[in-house]
Amino acid sequence: MKKITLITIVTLLVLSCNKENLNETTEPTTNIYDSEKLLSVSEVNNYIANELRLNRDIDWTKAPSVVLWSAVIHGNEILSIGYGNKGESFSIQKSPRLKDAKENIYNIIQSKEGVNKSNTEAVEDKILNVVDIKVTKLQTIEALQKADQIRYLEPIGYGLYLQKDNSDQQKSAGCSTNNETINSSDYSIISPNSQLPWNFNIHKIPQAWNYSTGSGITVGLIDTGISPNQNLLGSGFNDGASNGRTIQKYGTFIDSIWPWSNNVDGPNDQCGHGTQMASVLAAPRNNDFMPLGVAYNCNLVAYRGTEDVILDDYHERKGVSNALKALGNRNDVKIISMSIGFPWSIGNVKDAVKYAYSKGKMIIAAGGTSTTFTNWFGVIFPASMSETIAVTGIKDNGYNTCDICHDGDEIDFTIVMQRNGNANRTVPVLGFNTGTRKYVGGSSIATATTAGIAALIWARNPNMTRAQVLDKLKRAGDFYPNRNDEYGYGNIDALKAVQ
């Protein structure tokens, strides 16, 4: 789906990429739907813009029926239905009440859509109380909005809002596989022959390595996958001072137009963003003269849940939701790093965040990166959730938000990641291919860096709970015991955090 940008209302998380394939069903055939009632994409987008201005989020369940229905039709006819009582996001064993609620959904679909349950196109989640189902008629939406035991109704396939601005923002969805020349002032050489990114010293990460390098801790990364062409995040993951650890790669990105076909893509990065996040988090410390990661001895479990950093269609929303559940179910995973997001909340991703959180995971998410609307929008989803730790990036001249980073009262921590005198000089990381490097900035790199610091703390204190590790992070913040309105607890002193 050729996704143009995350910028029109809040870009998201880093500096460059465009997506593939625009929704094939941008304007439905009028002989199938009631053209007098069906709103255009522009009209749906106008509703979204107004809701974001007023509420900074969208509650589709309370939207006018014709708006929700039109968004569903323009979004490949996929409606996501969260059922159960308020806050009842997941349930491994469905109670009779939940089973009845789900059955009522099917009864409404059969009655209004004129289909039998046997041929209803639907996907039921085994853990979350969610069913994604094909809807074509306005009367179906109207009936579901009146039904009991419905937590939310969302047009999960609608991704046309962020595609409306066909401008230079086509390059701002976080993807880049090109290598760059790194200024020699932006790294130093440490043993055995690794490049230490300039900003690591600001956060006293090298000093923290005297106490912890992340050994024994497993971090989950949900992003665009990892490049098979980058050896240091593959067979070279154990090399030099990095040893005795593992890297695992999976794919949950749904690679099909219709969810009911359930074709899952593999783990390989096609964007570059996930490779960059894995680099700053866990790249090995060896003698290859390449940038190393914060927790260069941690284990890494990487999921390709998304095509780029913008969760703007079913493929990615379902992919990220499935990745969160999978990582939540792993006892070895302590931390989940998510340098991805969206301007408004997504029901099945929110439910999955709550599920992973219930399993004791520390979920660290990017506060948002864009070139427009940074002054009024604030923190994006899922960093806006109370279950996540929100991080943003700042410049190296005091507390000044990076040129494209979001801030706000939901931010918990900051990471210095941009030179004040040159916005292009951010953090050096491994490139898409072995032997290459590039710069990466935004709240994305700040998030993965924070995940690495959390791994250092947990490795030093393996019996600590999530709350105790978070307390360590807070106490190591510049502003502790106070909290800044825009930057939370501020920059993290990694040395103080591990001592």
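Residues numbered from 1 in each chain as written. Predicted model: local features only at pLDDT ≥ 70, side-chain atom pairs only at ≥ 80, totals over all residues. Heavy atoms only, no water.

1. Examining the overall build of the protein
What counts here: Helical segments are the DSSP runs of H or I of at least four residues, strand segments are the runs of E of at least two, and each set is numbered from the N terminus. Contacts are assigned to residue pairs with any non-hydrogen atoms lying within 4.5 Å of each other. Surface accessibility follows the Shrake-Rupley procedure with a 1.4 Å probe radius. Residue values consider only the protein chains on display as shielding.
Assigned secondary structure in the protein consists of 12 helices and 15 strands. Long-range pairs, those at least 24 residues apart, make up 76% of the contacts in the protein with a sequence separation of at least 6. Taken as a whole, the protein presents about 17700 Å² of accessible surface, with 42% of it coming from carbon and sulfur.

2. Observations concerning the state of the cysteines
This is how it is decided: Defined by distance alone, a disulfide is two cysteine sulfur atoms within 2.5 Å. In this scheme, a residue with accessible area under 20% of its type's maximum is buried, one over 50% is exposed, and one in between is partly exposed, where area comes from a 1.4 Å probe on protein chains only.
This structure, assessed with the given rule, holds 2 disulfides. Note on cysteine connectivity: Cys175 is disulfide-linked to Cys271, with sulfurs 2.0 Å apart. On the S-S bond that ties Cys175 to Cys271, the torsion sits near -105 degrees, and the link is left-handed. Linking Cys175 in the loop between strand S4 (150-154) and strand S5 (187-190) with Cys271 in the loop between strand S8 (247-251) and helix H7 (273-282), this pair joins segments that are 96 residues apart in sequence. By relative accessible area, Cys175 is classed as buried at 10%. Relative accessible area serves as the criterion here: at 3%, Cys271 is assigned to the buried category. Shown here is the disulfide that connects Cys402 with Cys405, its sulfur atoms set 2.0 Å apart.

3. Thoughts on helix H4 (residues 138-146)
When we look at burial in H4, the residues that qualify are Leu138, Thr140, Ile141, Ala143 and Leu144. Buried residues along H4 sit in contact with helix H2 (65-74), strand S1 (78-83), helix H3 (96-113) and S4.

4. A word on the packing of H3 against H4
Relative orientation and spacing of two packed helices are given, respectively, by the angle between their axes and the distance between those axes. Cut-off, in case you're wondering: Here, axes are lines fitted to C-alpha atoms. For helices the fit covers the stretch in contact, and angles between N-to-C directions go from 0 to 180 degrees. Working rule for angles: under 35 degrees goes down as roughly parallel, over 145 as roughly antiparallel, 65 to 115 as roughly perpendicular, anything else as oblique. By the definition used in this description, the sense in which the near helix is turned from the far one sets the handedness, with an anticlockwise turn below a right angle giving left-handed and a clockwise turn giving right-handed. Three classes are used: nonpolar for Ala, Val, Leu, Ile, Met, Phe, Trp, Tyr, Cys and Pro, charged for Asp, Glu, Lys and Arg, and polar for all others, with Gly counted as polar.
The geometry of H3 relative to H4 is characterised by a closest axis approach of 9 Å and an angle of 150 degrees between their N-to-C directions. Classified by the angle between their axes, H3 and H4 sit roughly antiparallel to one another. When you trace H3 past H4, the crossing you get is right-handed. Across the interface between the two elements, Ile105, Ile108, Ile109, Lys112 and Glu113 of H3 pack against Gln139, Thr140, Ala143 and Leu144 of H4. Taken together, the residues of the contact of H3 with H4 break down into 5 nonpolar, 2 polar and 2 charged.

5. Quick notes on the sheet that holds strand S2 (residues 122-124)
Strand pairing in a sheet relies on backbone hydrogen bonds, with the paired strands running either antiparallel or parallel. To be explicit about the condition: Only strands joined by at least two bridges in the DSSP assignment are considered to pair.
The antiparallel open sheet is built from 4 strands, whose spatial order is S2-S3-S1-S4. Looking at the sheet topology across the chains shown, the edges are occupied by S2 and S4. Direction aside, neighbouring strands of the sheet carry axes that sit 15 degrees apart on average. In terms of strand pairing, S1 meets strand S3 (residues 130-134) through 5 bridges, oriented antiparallel. Bridge pairing links Ile78 to Lys134 in S3.

6. A short note on the packing of aromatic side chains
Two numbers describe a pair of aromatic rings. These are the distance of the centres and the angle of the planes. As a reminder, the rule being used: Side-chain rings of Phe, Tyr and Trp (the six-membered ring for Trp) are treated as a pair once their centres are within 6.5 Å; stacked means planes under 30 degrees apart, edge-to-face means over 60, and tilted covers the remaining angles. Each ring is checked for a lysine NZ or an arginine CZ that lies within 6 Å of its centre and within 35 degrees of its normal; such an atom marks a charge sitting over the ring.
Counted by the stated rule, this structure contains 12 aromatic pairs. Ring geometry for Phe413 and Tyr489: centres 5.9 Å apart, planes at 35 degrees, overall tilted. Residue Phe413 is located in strand S13 (residues 413-418), and its partner Tyr489 is located in the loop between helix H11 (466-475) and helix H12 (494-498); the two are separated by 76 residues in the primary sequence. Each member of the pair, Phe413 as well as Tyr489, is classed as buried. By relative accessible area, Tyr489 is classed as buried at 11%. By way of ring pairs, the aromatic residues Tyr161, Phe342 and Trp344 are connected into one cluster. Above the ring of Phe342, the side-chain terminus of Arg317 is found at 4.8 Å from the ring centroid. The residue whose ring lies beneath Arg466 is Tyr357, and the NZ or CZ to ring-centre distance is 3.6 Å.

7. Some details on the confidence of the model for the protein
To keep it simple, the criterion reads: One confidence number per residue, pLDDT, is output by the predictor and ranges from 0 to 100.
Of all residues in the protein, 89% attain a pLDDT of 70 or more, and the chain-wide mean is 90. This model gives residues 164-172 a pLDDT under 50, and the stretch forms 26 contacts once residues within four places in sequence are excluded.

8. Here we look at the nonpolar core
Applicable threshold: Definition of nonpolar core: a set of buried residues of the types Ala, Val, Leu, Ile, Met, Phe, Trp, Tyr and Cys, connected through side-chain atoms within 4.5 Å.
The biggest cluster of nonpolar side chains holds 71 residues, and the ones touching the most others in it are Ile48, Trp60, Leu79, Ile81, Ile222, Leu324 and Ile336. Each residue touching Ile336, except ones within four places of it in the same chain, is listed here: Gly220, Ile222, Leu324, Leu327, Ala356, Lys361, Met362, Ile363 and Ile364. Counting residues in each nonpolar core, the second largest holds 62 residues, with Ala282, Ile389, Met417 and Ala446 among its members.

9. A short note on the environment of Phe432
Along the chain, Phe432 falls in the loop between strand S14 (427-430) and strand S15 (437-440). On the basis of relative accessibility, which here comes to 12%, the residue Phe432 falls in the buried class. Placed 254 residues apart in sequence, Phe432 and Asn178 show a C-alpha to C-alpha distance of 7.1 Å.

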